[in-house]
Amino acid sequence: MSTWKKNLYLFSGDRMYKFFQEQLDNKINNLNLRTLTEYCPIDAVRVKRNDKEYLMMASNNYLGLTFDERVIEGAIKGAQQYGTGSGGSRLVSGTFPLFTDLERELAKFKNTEKALVFNTGYMANVGTISAIADKNMTIFSDELNHASIIDGCRLSKATVKAYSHCDVEKLKCLLKQVDRNARKLIVTDGVFSMDGDIAPLDKLYELSREYNALLMVDDAHATGTIGNGHGTAAYYGLEKEVDIQLGTLSKSLGSVGGYVAANSTIIDYLVNMSRSFIFSTALSPADIGAALAALHVLESDTSVLRRLQNNVNYMADCLNSMGIYATNETPIFPILIGSNEDTLAVSNHLYNAGIIGTAIRPPTVPVGESRIRLTVTAAHNREQINYVCQTLSKAIKELNCEGSI
(Lines give C-alpha, C1' and ligand atoms only; values in the text may rest on other atoms or scores of the structure.)
Protein backbone atom coordinates (compact mmCIF):
# COMPACT_ATOMS: atom_id res chain seq x y z
CA MET A 1 0.00 0.00 0.00
CA SER A 2 1.38 3.42 -0.98
CA THR A 3 2.13 5.96 1.75
CA TRP A 4 -0.63 8.37 0.75
CA LYS A 5 -3.22 5.58 0.64
CA LYS A 6 -2.05 4.36 4.04
CA ASN A 7 -2.32 7.86 5.50
CA LEU A 8 -5.80 8.30 3.99
CA TYR A 9 -6.88 4.95 5.50
CA LEU A 10 -5.56 5.93 8.93
CA PHE A 11 -7.21 9.34 8.67
CA SER A 12 -10.57 7.78 7.78
CA GLY A 13 -10.18 5.21 10.54
CA ASP A 14 -9.34 7.89 13.10
CA ARG A 15 -12.45 9.84 12.10
CA MET A 16 -14.66 6.79 12.47
CA TYR A 17 -13.23 5.86 15.84
CA LYS A 18 -13.66 9.45 16.98
CA PHE A 19 -17.30 9.27 15.89
CA PHE A 20 -17.80 6.02 17.83
CA GLN A 21 -16.25 7.54 20.94
CA GLU A 22 -18.39 10.66 20.64
CA GLN A 23 -21.50 8.48 20.56
CA LEU A 24 -20.35 6.61 23.66
CA ASP A 25 -19.52 9.89 25.42
CA ASN A 26 -23.00 11.14 24.59
CA LYS A 27 -24.49 8.06 26.26
CA ILE A 28 -22.31 8.66 29.32
CA ASN A 29 -23.45 12.29 29.54
CA ASN A 30 -27.09 11.22 29.28
CA LEU A 31 -26.64 8.48 31.91
CA ASN A 32 -27.53 5.95 29.24
CA LEU A 33 -24.35 3.88 28.80
CA ARG A 34 -24.82 0.14 28.92
CA THR A 35 -22.17 -2.17 30.38
CA LEU A 36 -21.90 -5.90 30.98
CA THR A 37 -21.90 -7.15 34.58
CA GLU A 38 -20.68 -10.61 35.48
CA TYR A 39 -22.79 -12.66 37.89
CA CYS A 40 -22.35 -16.28 38.93
CA PRO A 41 -25.75 -18.00 39.27
CA ILE A 42 -26.31 -19.89 42.52
CA ASP A 43 -29.84 -21.07 41.78
CA ALA A 44 -32.91 -19.83 39.90
CA VAL A 45 -33.21 -16.60 41.93
CA ARG A 46 -29.80 -15.95 43.51
CA VAL A 47 -26.51 -14.85 41.96
CA LYS A 48 -23.07 -14.01 43.32
CA ARG A 49 -20.68 -11.19 42.46
CA ASN A 50 -17.39 -10.45 44.24
CA ASP A 51 -18.31 -12.89 47.02
CA LYS A 52 -21.60 -11.06 47.71
CA GLU A 53 -24.97 -12.71 47.13
CA TYR A 54 -27.76 -10.92 45.27
CA LEU A 55 -31.44 -11.63 44.74
CA MET A 56 -32.20 -11.65 41.01
CA MET A 57 -35.36 -9.69 40.21
CA ALA A 58 -34.61 -8.96 36.55
CA SER A 59 -34.71 -12.42 34.97
CA ASN A 60 -37.29 -13.80 32.54
CA ASN A 61 -36.88 -17.26 34.07
CA TYR A 62 -40.55 -17.07 35.04
CA LEU A 63 -41.06 -20.70 36.04
CA GLY A 64 -37.66 -20.97 37.72
CA LEU A 65 -36.75 -24.00 35.59
CA THR A 66 -33.10 -23.16 34.86
CA PHE A 67 -32.00 -25.18 37.90
CA ASP A 68 -34.82 -27.75 37.81
CA GLU A 69 -33.28 -31.22 37.99
CA ARG A 70 -35.65 -32.52 35.32
CA VAL A 71 -34.57 -29.83 32.87
CA ILE A 72 -30.88 -30.28 33.65
CA GLU A 73 -31.26 -34.02 33.12
CA GLY A 74 -32.86 -33.33 29.73
CA ALA A 75 -29.84 -31.24 28.71
CA ILE A 76 -27.38 -33.89 29.87
CA LYS A 77 -29.20 -36.71 28.08
CA GLY A 78 -29.33 -34.66 24.88
CA ALA A 79 -25.57 -34.09 24.91
CA GLN A 80 -24.78 -37.66 25.89
CA GLN A 81 -26.90 -39.13 23.12
CA TYR A 82 -26.26 -36.66 20.26
CA GLY A 83 -23.03 -34.84 21.19
CA THR A 84 -22.25 -31.25 22.09
CA GLY A 85 -23.10 -29.54 18.81
CA SER A 86 -25.34 -29.96 15.79
CA GLY A 87 -22.54 -29.56 13.25
CA GLY A 88 -24.48 -27.59 10.69
CA SER A 89 -27.76 -26.14 9.50
CA ARG A 90 -30.69 -28.54 9.55
CA LEU A 91 -31.21 -28.37 5.79
CA VAL A 92 -27.59 -29.37 5.17
CA SER A 93 -26.62 -31.83 7.88
CA GLY A 94 -30.06 -33.04 8.88
CA THR A 95 -32.29 -32.91 11.94
CA PHE A 96 -31.61 -35.07 14.95
CA PRO A 97 -34.63 -36.76 16.59
CA LEU A 98 -34.83 -34.34 19.55
CA PHE A 99 -35.75 -31.53 17.14
CA THR A 100 -38.56 -33.63 15.69
CA ASP A 101 -39.81 -34.44 19.19
CA LEU A 102 -39.69 -30.82 20.37
CA GLU A 103 -41.43 -29.42 17.30
CA ARG A 104 -44.16 -32.04 17.52
CA GLU A 105 -44.69 -31.22 21.22
CA LEU A 106 -44.66 -27.45 20.56
CA ALA A 107 -47.30 -27.82 17.85
CA LYS A 108 -49.44 -29.87 20.22
CA PHE A 109 -48.83 -27.36 23.02
CA LYS A 110 -49.92 -24.46 20.80
CA ASN A 111 -52.74 -26.43 19.16
CA THR A 112 -51.36 -25.94 15.64
CA GLU A 113 -50.47 -28.29 12.79
CA LYS A 114 -46.72 -27.73 12.89
CA ALA A 115 -43.92 -25.86 14.65
CA LEU A 116 -40.40 -24.81 13.66
CA VAL A 117 -37.49 -24.12 16.03
CA PHE A 118 -35.14 -21.18 15.47
CA ASN A 119 -31.90 -20.34 17.29
CA THR A 120 -33.40 -17.41 19.22
CA GLY A 121 -36.72 -15.66 19.57
CA TYR A 122 -35.13 -12.67 17.89
CA MET A 123 -34.20 -14.79 14.87
CA ALA A 124 -37.68 -16.30 14.81
CA ASN A 125 -39.29 -12.86 14.56
CA VAL A 126 -36.81 -11.46 12.05
CA GLY A 127 -36.85 -14.63 9.96
CA THR A 128 -40.62 -15.07 9.95
CA ILE A 129 -41.68 -11.50 9.22
CA SER A 130 -39.02 -10.92 6.56
CA ALA A 131 -40.02 -14.21 4.87
CA ILE A 132 -43.80 -13.77 4.77
CA ALA A 133 -43.82 -10.02 4.03
CA ASP A 134 -42.40 -8.07 1.09
CA LYS A 135 -42.80 -4.67 -0.55
CA ASN A 136 -46.34 -5.61 -1.61
CA MET A 137 -47.56 -6.22 1.95
CA THR A 138 -48.65 -3.78 4.64
CA ILE A 139 -47.74 -4.60 8.24
CA PHE A 140 -49.72 -3.18 11.17
CA SER A 141 -47.51 -3.22 14.25
CA ASP A 142 -48.15 -2.14 17.86
CA GLU A 143 -45.85 0.79 18.63
CA LEU A 144 -44.46 -1.00 21.70
CA ASN A 145 -43.65 -4.26 19.93
CA HIS A 146 -40.27 -5.86 20.64
CA ALA A 147 -37.20 -4.73 18.69
CA SER A 148 -37.05 -8.09 16.89
CA ILE A 149 -40.52 -7.46 15.42
CA ILE A 150 -39.50 -3.95 14.39
CA ASP A 151 -36.31 -5.23 12.75
CA GLY A 152 -38.22 -8.00 10.97
CA CYS A 153 -40.59 -5.38 9.57
CA ARG A 154 -37.67 -3.28 8.34
CA LEU A 155 -35.95 -6.23 6.67
CA SER A 156 -39.16 -7.23 4.90
CA LYS A 157 -39.31 -3.90 3.01
CA ALA A 158 -43.07 -3.94 3.56
CA THR A 159 -45.06 -0.79 4.25
CA VAL A 160 -45.25 -0.54 8.04
CA LYS A 161 -48.02 1.27 9.89
CA ALA A 162 -47.51 1.49 13.66
CA TYR A 163 -50.66 1.88 15.74
CA SER A 164 -50.87 3.36 19.24
CA HIS A 165 -50.23 0.82 21.96
CA CYS A 166 -53.15 -1.62 22.19
CA ASP A 167 -55.36 0.98 20.47
CA VAL A 168 -57.88 -1.11 18.54
CA GLU A 169 -59.73 1.90 17.15
CA LYS A 170 -56.53 3.40 15.76
CA LEU A 171 -55.68 0.06 14.16
CA LYS A 172 -59.12 -0.10 12.60
CA CYS A 173 -58.65 3.36 11.09
CA LEU A 174 -55.33 2.29 9.58
CA LEU A 175 -56.81 -0.92 8.18
CA LYS A 176 -59.58 1.03 6.48
CA GLN A 177 -56.97 2.97 4.52
CA VAL A 178 -55.65 -0.18 2.78
CA ASP A 179 -57.36 -2.10 0.00
CA ARG A 180 -59.20 -5.11 1.44
CA ASN A 181 -57.66 -7.42 -1.16
CA ALA A 182 -54.10 -6.24 -0.48
CA ARG A 183 -51.83 -8.50 1.56
CA LYS A 184 -51.81 -7.47 5.22
CA LEU A 185 -50.27 -8.64 8.52
CA ILE A 186 -51.21 -7.57 12.04
CA VAL A 187 -48.41 -8.34 14.49
CA THR A 188 -48.28 -7.83 18.25
CA ASP A 189 -46.53 -8.93 21.38
CA GLY A 190 -48.79 -11.10 23.52
CA VAL A 191 -47.38 -9.84 26.82
CA PHE A 192 -45.39 -6.63 26.42
CA SER A 193 -41.95 -7.06 27.90
CA MET A 194 -41.48 -3.60 29.43
CA ASP A 195 -45.06 -2.89 30.56
CA GLY A 196 -46.32 -6.36 31.45
CA ASP A 197 -49.75 -5.76 29.92
CA ILE A 198 -51.59 -8.18 27.65
CA ALA A 199 -52.50 -7.42 24.03
CA PRO A 200 -56.23 -7.29 23.18
CA LEU A 201 -55.81 -10.32 20.93
CA ASP A 202 -59.52 -11.07 20.81
CA LYS A 203 -60.24 -7.68 19.26
CA LEU A 204 -57.19 -7.91 16.99
CA TYR A 205 -58.49 -11.26 15.76
CA GLU A 206 -61.87 -9.76 14.90
CA LEU A 207 -60.18 -7.00 12.91
CA SER A 208 -57.91 -9.47 11.13
CA ARG A 209 -60.93 -11.40 9.87
CA GLU A 210 -62.93 -8.28 9.03
CA TYR A 211 -60.10 -6.76 6.99
CA ASN A 212 -58.63 -9.97 5.56
CA ALA A 213 -55.26 -9.83 7.36
CA LEU A 214 -52.93 -12.46 8.80
CA LEU A 215 -52.56 -12.27 12.58
CA MET A 216 -49.27 -12.97 14.34
CA VAL A 217 -48.59 -12.91 18.10
CA ASP A 218 -45.21 -13.05 19.83
CA ASP A 219 -45.65 -15.12 22.99
CA ALA A 220 -42.10 -14.73 24.32
CA HIS A 221 -43.35 -13.42 27.67
CA ALA A 222 -46.76 -15.11 27.53
CA THR A 223 -45.72 -18.76 27.29
CA GLY A 224 -45.64 -20.15 30.80
CA THR A 225 -47.31 -17.09 32.31
CA ILE A 226 -50.86 -16.69 30.93
CA GLY A 227 -53.47 -18.91 29.29
CA ASN A 228 -52.72 -21.73 31.75
CA GLY A 229 -49.15 -21.48 30.50
CA HIS A 230 -50.06 -21.91 26.84
CA GLY A 231 -49.88 -18.21 25.98
CA THR A 232 -52.01 -15.38 24.63
CA ALA A 233 -54.10 -17.30 22.11
CA ALA A 234 -55.08 -19.79 24.82
CA TYR A 235 -55.80 -16.91 27.22
CA TYR A 236 -58.47 -15.70 24.78
CA GLY A 237 -59.54 -19.15 23.58
CA LEU A 238 -58.16 -18.53 20.09
CA GLU A 239 -55.56 -21.31 19.75
CA LYS A 240 -56.93 -22.50 16.42
CA GLU A 241 -57.71 -19.03 15.10
CA VAL A 242 -54.44 -17.08 15.31
CA ASP A 243 -52.40 -17.59 12.12
CA ILE A 244 -48.92 -17.46 13.64
CA GLN A 245 -47.88 -18.01 17.25
CA LEU A 246 -44.25 -17.24 17.95
CA GLY A 247 -42.34 -17.83 21.16
CA THR A 248 -39.05 -18.45 22.87
CA LEU A 249 -37.44 -21.37 24.67
CA SER A 250 -35.23 -19.07 26.74
CA LYS A 251 -37.65 -17.59 29.26
CA SER A 252 -40.25 -19.81 30.95
CA LEU A 253 -38.76 -22.92 29.32
CA GLY A 254 -35.33 -22.29 30.80
CA SER A 255 -33.26 -23.09 27.71
CA VAL A 256 -32.37 -21.10 24.59
CA GLY A 257 -34.00 -20.75 21.18
CA GLY A 258 -37.22 -19.62 19.55
CA TYR A 259 -40.08 -21.22 17.66
CA VAL A 260 -42.99 -20.55 15.35
CA ALA A 261 -46.23 -22.54 15.52
CA ALA A 262 -48.70 -22.35 12.62
CA ASN A 263 -50.37 -24.40 9.91
CA SER A 264 -48.36 -26.67 7.64
CA THR A 265 -48.30 -24.23 4.74
CA ILE A 266 -46.69 -21.43 6.76
CA ILE A 267 -44.14 -23.70 8.44
CA ASP A 268 -43.15 -25.33 5.15
CA TYR A 269 -42.86 -21.87 3.61
CA LEU A 270 -40.52 -20.73 6.42
CA VAL A 271 -38.32 -23.81 6.00
CA ASN A 272 -37.82 -22.73 2.39
CA MET A 273 -37.80 -18.94 2.70
CA SER A 274 -36.64 -17.85 6.18
CA ARG A 275 -32.99 -16.84 5.94
CA SER A 276 -32.36 -16.87 9.70
CA PHE A 277 -33.49 -20.52 9.75
CA ILE A 278 -31.86 -21.68 6.52
CA PHE A 279 -28.42 -20.18 7.11
CA SER A 280 -27.95 -20.87 10.84
CA THR A 281 -26.20 -23.82 12.43
CA ALA A 282 -28.83 -25.64 14.49
CA LEU A 283 -29.03 -25.46 18.26
CA SER A 284 -27.11 -27.99 20.31
CA PRO A 285 -28.71 -31.25 21.53
CA ALA A 286 -28.37 -30.01 25.13
CA ASP A 287 -30.43 -26.89 24.33
CA ILE A 288 -33.17 -28.92 22.68
CA GLY A 289 -33.12 -31.59 25.39
CA ALA A 290 -33.53 -28.95 28.10
CA ALA A 291 -36.38 -27.20 26.26
CA LEU A 292 -38.23 -30.46 25.67
CA ALA A 293 -37.91 -31.44 29.33
CA ALA A 294 -39.11 -27.98 30.43
CA LEU A 295 -42.11 -28.22 28.13
CA HIS A 296 -43.01 -31.56 29.71
CA VAL A 297 -42.75 -29.97 33.17
CA LEU A 298 -45.01 -27.09 32.12
CA GLU A 299 -47.61 -29.47 30.73
CA SER A 300 -47.57 -32.02 33.56
CA ASP A 301 -46.63 -30.21 36.79
CA THR A 302 -49.45 -27.81 37.66
CA SER A 303 -47.71 -26.81 40.89
CA VAL A 304 -45.14 -24.74 38.95
CA LEU A 305 -47.78 -22.54 37.35
CA ARG A 306 -49.66 -22.30 40.63
CA ARG A 307 -46.55 -21.09 42.49
CA LEU A 308 -45.92 -18.47 39.83
CA GLN A 309 -49.45 -17.06 39.94
CA ASN A 310 -49.46 -17.07 43.75
CA ASN A 311 -46.22 -15.08 43.73
CA VAL A 312 -47.57 -12.66 41.12
CA ASN A 313 -50.67 -12.04 43.24
CA TYR A 314 -48.65 -11.70 46.42
CA MET A 315 -46.16 -9.24 44.93
CA ALA A 316 -48.92 -7.11 43.40
CA ASP A 317 -50.70 -6.94 46.76
CA CYS A 318 -47.45 -6.13 48.53
CA LEU A 319 -46.55 -3.28 46.16
CA ASN A 320 -50.07 -1.82 46.18
CA SER A 321 -50.14 -1.88 49.99
CA MET A 322 -47.08 0.37 49.90
CA GLY A 323 -48.63 2.79 47.45
CA ILE A 324 -46.75 1.49 44.41
CA TYR A 325 -49.14 0.76 41.55
CA ALA A 326 -49.11 -2.84 40.32
CA THR A 327 -51.43 -5.34 38.64
CA ASN A 328 -51.48 -9.13 38.92
CA GLU A 329 -51.88 -9.88 35.20
CA THR A 330 -48.31 -11.05 34.54
CA PRO A 331 -44.98 -11.54 36.40
CA ILE A 332 -43.64 -8.25 34.98
CA PHE A 333 -43.80 -5.24 37.31
CA PRO A 334 -42.73 -1.98 35.63
CA ILE A 335 -41.90 0.58 38.31
CA LEU A 336 -42.05 3.83 36.36
CA ILE A 337 -39.56 6.39 37.72
CA GLY A 338 -39.06 8.93 34.93
CA SER A 339 -35.56 10.33 34.50
CA ASN A 340 -32.43 8.27 33.87
CA GLU A 341 -30.77 9.82 36.93
CA ASP A 342 -33.56 8.88 39.35
CA THR A 343 -33.96 5.42 37.85
CA LEU A 344 -30.26 4.67 38.20
CA ALA A 345 -30.37 5.94 41.78
CA VAL A 346 -33.18 3.51 42.64
CA SER A 347 -31.40 0.67 40.86
CA ASN A 348 -28.19 1.40 42.79
CA HIS A 349 -30.12 1.54 46.07
CA LEU A 350 -31.53 -1.91 45.34
CA TYR A 351 -28.12 -3.20 44.32
CA ASN A 352 -26.50 -2.01 47.54
CA ALA A 353 -29.26 -3.86 49.39
CA GLY A 354 -28.45 -7.07 47.53
CA ILE A 355 -31.19 -6.89 44.88
CA ILE A 356 -30.75 -6.89 41.09
CA GLY A 357 -33.38 -4.52 39.70
CA THR A 358 -32.06 -3.20 36.40
CA ALA A 359 -32.66 0.37 35.25
CA ILE A 360 -34.44 0.28 31.89
CA ARG A 361 -33.70 3.42 29.88
CA PRO A 362 -34.13 4.74 26.32
CA PRO A 363 -34.16 3.53 23.60
CA THR A 364 -35.71 0.44 25.22
CA VAL A 365 -38.45 2.70 26.62
CA PRO A 366 -39.48 6.25 25.62
CA VAL A 367 -37.54 9.24 26.95
CA GLY A 368 -38.92 10.27 30.34
CA GLU A 369 -40.32 6.79 31.03
CA SER A 370 -37.24 5.09 32.49
CA ARG A 371 -38.15 2.41 34.98
CA ILE A 372 -37.14 -0.46 37.20
CA ARG A 373 -38.45 -3.63 35.59
CA LEU A 374 -38.99 -6.19 38.33
CA THR A 375 -39.94 -9.78 37.55
CA VAL A 376 -41.12 -12.42 39.99
CA THR A 377 -40.76 -16.14 39.35
CA ALA A 378 -42.16 -19.39 40.65
CA ALA A 379 -38.87 -19.91 42.51
CA HIS A 380 -39.05 -16.80 44.71
CA ASN A 381 -40.41 -17.11 48.24
CA ARG A 382 -42.55 -14.66 50.18
CA GLU A 383 -39.71 -13.55 52.43
CA GLN A 384 -37.73 -12.52 49.36
CA ILE A 385 -40.73 -10.75 47.82
CA ASN A 386 -41.38 -8.84 51.05
CA TYR A 387 -37.76 -7.74 51.22
CA VAL A 388 -37.80 -6.50 47.61
CA CYS A 389 -41.04 -4.54 48.02
CA GLN A 390 -39.94 -2.95 51.30
CA THR A 391 -36.52 -2.01 49.92
CA LEU A 392 -38.04 -0.53 46.76
CA SER A 393 -40.56 1.52 48.71
CA LYS A 394 -37.81 2.87 50.96
CA ALA A 395 -35.63 3.76 47.96
CA ILE A 396 -38.43 5.64 46.18
CA LYS A 397 -39.31 7.63 49.28
CA GLU A 398 -35.73 8.43 50.31
CA LEU A 399 -34.80 9.53 46.79
CA ASN A 400 -38.08 11.44 46.26
CA CYS A 401 -38.84 9.48 43.10
CA GLU A 402 -42.59 9.77 43.01
CA GLY A 403 -43.19 8.33 39.52
CA SER A 404 -44.91 5.16 40.71
CA ILE A 405 -46.42 6.33 43.99
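What you see is a predicted model, and the numbers here were worked out from it, not measured in a lab.

(A) Representation of the sheet that holds strand β6 (residues 159–163). Sheet architecture is open: seven strands sit in the order β4-β10-β9-β8-β7-β5-β6, paired in mixed fashion. The two strands at the open ends of the sheet, each matched to only one other strand, are β4 (114–118) and β6. Across this sheet, the average inter-strand angle for adjacent strands is 20°, counted without regard to direction. Sheet topology note: the strand β5 (residues 137–142)/β6 ladder contains five bridges and is parallel. Counterpart to Ile 139 in the pairing with β6 is Val 160. Contacts between helix α7 (residues 168–176) and the sheet are confined to β5, β6 and β7 (183–189), with β6 contributing the most and set at about 155° to the helix. Each of β4, β9 (244–248) and β10 (258–262) touches helix α10 (residues 264–273); the most contacted strand, β4, lies at about 30° to it.

(B) Quick look at the pairing of β10. Burial within β10 is extensive, with five of its five residues counted as buried. Both faces of β10 are covered, namely the face carrying Gly 258, Val 260 and Ala 262 and the face carrying Tyr 259 and Ala 261. Across five bridges, the pairing between β4 and β10 is antiparallel. Counterpart to Leu 116 in the pairing with β10 is Val 260. As defined by bridge partners, β9 adjoins β10 across five bridges and the pair is classed as antiparallel. The residue bridging Thr 248 from the neighbouring strand is Gly 258, located in β10.

The rules behind the values
Residues numbered from 1 in each chain as written. Predicted model: local features only at pLDDT ≥ 70, side-chain atom pairs only at ≥ 80, totals over all residues. Heavy atoms only, no water. Pairing = 2+ DSSP bridges. Helix = DSSP H or I, 4+ residues; strand = E, 2+ residues; numbered from the N terminus. Axes fitted to C-alpha atoms, helices over the stretch in contact; angles between N-to-C directions. Contact = heavy atoms within 4.5 Å. Buried < 20%, exposed > 50% of the residue type's maximum accessible area, 1.4 Å probe, protein only.

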